[in-house]
Every structure is written in C-alpha cells, then in structure tokens.
Amino acid sequence: MKLKLRDRVLGLERPRLMGVLNLTPDSFSDGGRYLAPGAALEHARRLVAEGAEILDLGAESTRPGAAPVPLEEERRRLLPVLEAVLELGVPVSVDTRKPEVAEAALRLGAHLVNDTSGLADPRIAEVAARYDAPLVVMHTPHPDPRRMMAAARYLDIVAEVRAQLLKWARRAERLGVPQVVLDPGFGFGKKREHNLALLARLSELAGLGYPLLVGLSRKRLIGELTGVEAADQRVCGSVAAHLAAAARGARILRVHDVAAHRQALAVFWEVEVWDGSS
Ligand code: HH2
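Here's a quick rundown of the structure.

Analysis parameters
Residues numbered from 1 in each chain as written. Predicted model: local features only at pLDDT ≥ 70, side-chain atom pairs only at ≥ 80, totals over all residues. Heavy atoms only, no water. Helix = DSSP H or I, 4+ residues; strand = E, 2+ residues; numbered from the N terminus. Rg over C-alpha atoms; globule rule 2.2 N^0.38 Å. Buried < 20%, exposed > 50% of the residue type's maximum accessible area, 1.4 Å probe, protein only. Contact = heavy atoms within 4.5 Å. Lys, Arg positive; Asp, Glu negative; His and termini not counted. Charge placed at Lys NZ, Arg CZ, Asp CG, Glu CD. Near = heavy atom within 4 Å. Polar contact = N/O pair within 3.5 Å; in protein donor to acceptor, adjacent residues only side chain to side chain. Pairing = 2+ DSSP bridges. Core = buried A, V, L, I, M, F, W, Y, C linked by side-chain atoms within 4.5 Å. Axes fitted to C-alpha atoms, helices over the stretch in contact; angles between N-to-C directions. Left-handed = near helix turned anticlockwise from the far one by under 90°. Nonpolar A, V, L, I, M, F, W, Y, C, P; charged D, E, K, R; others polar.

Here the focus is the overall build of the protein chain. Helix and strand counts for the protein chain come out as ten helices and ten strands. Taken against the 2.2 N^0.38 rule, which gives 19 Å for 278 residues, the C-alpha radius of gyration of the protein chain at 17 Å falls within 12% of a compact globule. Expressed as lengths along the three principal axes of its C-alpha atoms, the size of the protein chain is roughly 50 × 40 × 40 Å. Within the protein chain, the fraction of its 278 residues that count as buried is 56%. When contacts within the protein chain are restricted to residue pairs at least 6 apart in sequence, long-range pairs at least 24 apart make up 69% of them. Of the side-chain charges in the protein chain, 38 are positive and 35 negative, and the distance between the mean point of each set is 3 Å.

Written out as structure tokens, the structure reads:
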C-alpha cells in the first residue's frame, strides 16, 4: 500500500513515523514548549534528524476538555511555522478541524490533512479534494473535546468505530478526497477498556483496506497501564503500544518520541519480515 502525498509518495509496506509538533500552550504532554516559532522549527529539525518521515503540525489542543481556538489565532500560530517546516523537505500534515485552516495550509504546500473532528465539517473533505491531498478521518464520538468523554458509551466499541469510520471514509470519497487514512482516535471519547479493545482488535480496522494511522503517544491509557503520571515519562509504554498496533496493521504511528520509536521499530520490523534468508 502507498500513501500519495500530493507531489510525493510514501510506501506503507512498513510502519512509518509521524512526528508530533504541537504549536499550542495547552497540549497535554508538551503544551507551551514549542509556541515560539524558533523553538518549533528547532524541534521539527530534531524530529526529522531522529527519523520522522512525516511531521504533524497542530495549533489547537484536542485533549479532553480543551477549549476551541479561534480561527485567526490558529492561523497565526500555524502558518509561519508551517512555511519554515516545509523547507525541511519532509511531508507535512496539518492537524486541524477547520476547513479554512486546512485550506491555508494546503495553499502553502502542506501534504496531508489530519482532521480529528470526525468529519464534523465536511467542507474539510472538499478542501482536501480541491488540493488533491489525502485526509485522515479519525473516530471521535463528539467533535467538541469538552463533550467527547461524556459521549464514551459503546456496546461494541470496535464494531461501532469500524462502521462509523467506513461511513465517514465513503462520504469523504464522495466529496472527492483522493485517499482516506483511517484512525480509531485513541483517547477521543474512549475509556481504558475501549482503548484496550481497539488496540487488541486493531486488525479488524486494518482489514478495511485503507492506510491505518494510530496515535497512542504518551496518552492516558499508557499512564493507566503503567502508573506513570508524567506524560513525558511514558516513552517505553508508548513504544510498546505502537509496536502492538504495528503488529496488527497500523502503518503510520503518530509519536512525540521519534528516536525511541525508530530504534524499537528497527528491531521489531526485521523480526516481522524475516524469511530465514539472512
Ligand atoms: N491525537 C492527538 C492529536 N491529534 N491526530 C490523529 N490523527 N490521531 C490521534 O490519536 C491524535 C491526533 C492528541 O495528542 P497531542 O497532539 O499530543 O495532544 P493535544 O491534542 O493536547 O495537542
């Protein structure tokens, strides 16, 4: 499988690392660290040097309870950094729920739209279509982070996420999106048992035939399973979760700690594909 990122192509025959760059004051694990454009660009360079093959830039936190960021403020945080990051030569994804922000980013040259709203505003798909860019369709039971945890009620989480993602993917395709990437949305309106079920049964989503992206990096699930309170100390747990996801078919891993994931993947993948000849 391949991911066509406008003017370039990323093979998905093996898992790829998407490095997270949060241009926010309030992200749950690194809020405020990369708000200044200089610090953001320096971090982007580090992520690329460590092995990130896509960078995901976001200027609005989606952690449970986060307040929305006005359009102008999101643009002001994102666009100057995006312009500089594009110079690094690595494909860039823009993590936004707003069609206007997606459009401004694509006009500057961004390669992928990462919509974490569950296609709440379908105009975002029309924008991706117009720029021939792929769209990440992520599951959330409610587009507003202040209300999504109250919506965490499922009978069969995996079946419901699968059905909803398929519905949104087909809608995006009808609106002209050239390629859809699916994401179960770990932590978005999901409790421990929901996240665990989704991870254990991820192959059921990978089998749908779309590229599968997952983001478990430093999330609450990792804290719950390990007892590690500080989000930036959850590196080993995040790596373990992402390897479990890769073993079940995830091909884009959205991570904060690129070097650790790269090392782990280098070993994991050799074992996965070993055919006895070397
Ligand atoms: N998770 C976060 C943000 N964007 N995008 C996709 N496709 N999948 C995810 O799981 C996902 C995402 C949340 O993580 P982070 O960016 O570190 O935090 P915050 O939303 O607080 O900025």
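It is worth spelling out the side chain of Thr116 at this point. Structurally, Thr116 is set in the loop between strand E6 (112-115) and helix H4 (123-130). Here Thr116 is in contact with Thr62, Asp95, Thr96, Arg97, Met138, Thr140 and Phe188, once residues within four sequence places are set aside.

Contacts to the ligand come from 18 residues, most closely from Ser27, Ser61, Thr62, Asp183 and Lys219. Contacts to the ligand include Thr62, whose side-chain N or O atom sits 2.7 Å from an oxygen atom. At 2.6 Å, a side-chain N or O of Asp183 approaches a nitrogen atom of the ligand.

Let us now look at the sheet that holds strand E7 (residues 135-138). Judged by pairing direction, the sheet is parallel, and its eight strands sit side by side in the order E8-E7-E6-E5-E4-E3-E10-E9 without closing on themselves. Either end of the sheet is taken by a strand with one partner, and the two such strands are strand E8 (180-183) and strand E9 (213-214). The sheet contact formed by strand E4 (residues 54-58) and strand E5 (residues 92-95) spans four bridges and is parallel. In the strand pairing of E5, Asp56 is matched with Ser93.

On to helix H3 (residues 99-108), then. H3 sits mainly inside the fold: seven of its ten residues count as buried. Residues Pro99, Val101, Ala102, Glu103, Ala104, Ala105 and Leu106 constitute the buried set of H3. Lining the buried residues of H3 we find helix H2 (71-86), E5, E6 and H4. Gly109 occupies a position one or two residues after H3 and carries a positive phi of about 125 degrees.

A separate point is the nonpolar core. In terms of nonpolar packing, the biggest core is built from 72 residues, with Leu57, Leu78, Val85, Leu135 and Leu182 touching the most fellow members. With near-sequence residues (within four places) excluded, Leu135 lies in contact with Leu112, Val113, Asp115, Leu119, Ile124, Ala125, Ala128, Ala172, Val177, Gln179, Val180 and Val181. Judged by nonpolar contacts, the second largest core, of eleven residues, contains Met18, Ile54, Val181 and Leu213.

Each pair of packed helices gets described by two things: the angle between the helix axes and the distance between those axes. Between helix H1 (residues 37-50) and H2, the least distance of the axes is 10 Å, while the angle of their chain directions is 35 degrees. In the crossing of H1 with H2, the sense of the turn from one axis to the other is right-handed. When H1 is examined against H2, the residues Pro37, Ala40, Leu41 and Ala44 are found in contact with a partner set consisting of Val81, Ala84 and Val85. Partitioning the contact of H1 with H2 into residue classes produces seven nonpolar, no polar and no charged.

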